[in-house]
Amino acid sequence: MKTYQANQRKLTKYESRMQRLGLDGAVETAKRALEQVRNDNESLMEQAMATKEEVEETEQKELERLERLRAQLVQQFPAGEICC
């Protein structure tokens, strides 16, 4: 009987340890996944910011171009000669 109880305690201890190792592994996996998500998000943010900057620069260039074209129209057609 004592041997049976000792074996039961060993089995319970072993099962507890294995469960603990499994849970620790799951926690570590979740930590790695979280870090990957953070890295991915940082990368996506940098890409979005670069795209935003590029779009803003393009907008500024297009506005400058529009002003140049308007100035050319004013020079080519005195006030009142064009209807728009």
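See the structure printed just above.
Residues numbered from 1 in each chain as written. Predicted model: local features only at pLDDT ≥ 70, side-chain atom pairs only at ≥ 80, totals over all residues. Heavy atoms only, no water.

Asker: Even after reading the chapter, I still don't get the pattern of salt bridges, so can you show me in this structure?
Answerer: Side chains carrying opposite charge are able to pair once their charged atoms draw close together. The tally for this structure, following the rule as stated, stands at 5 salt bridges. Notably, a salt bridge pairs Arg 20 with Asp 24, separated by 3.3 Å at the nearest N-O pair. Remark: Asp 24 and Arg 20 occur in helix H1 (residues 2-76); sequence separation between them is 4 residues, near one turn of the helix. Close ionic contact of Glu 62 with Arg 65 constitutes a salt bridge, the shortest N to O distance being 3.8 Å. Highlighted residues: Glu 62 and Arg 65, both in helix H1, separated by 3 residues, approximately one helical turn. (Salt bridge = Lys/Arg side-chain N within 4 Å of Asp/Glu carboxyl O. Helix = DSSP H or I, 4+ residues; strand = E, 2+ residues; numbered from the N terminus.)

Asker: Any chance you could explain a nonpolar patch on the surface here in plain terms?
Answerer: Among the surface-exposed residues, Leu 11, Tyr 14, Met 18 and Leu 21 lie close enough to one another that they form a single nonpolar patch of about 380 Å² accessible area. The partly exposed category is assigned to Leu 11, whose relative accessible area is 38%. (Patch = residues over 30% accessible without salt bridge, like charges linked within 9 Å, V, L, I, M, F, W, Y side chains within 5 Å. Areas by Shrake-Rupley, 256 points an atom, 1.4 Å probe, with all protein chains shown as cover. Buried < 20%, exposed > 50% of the residue type's maximum accessible area, 1.4 Å probe, protein only.)

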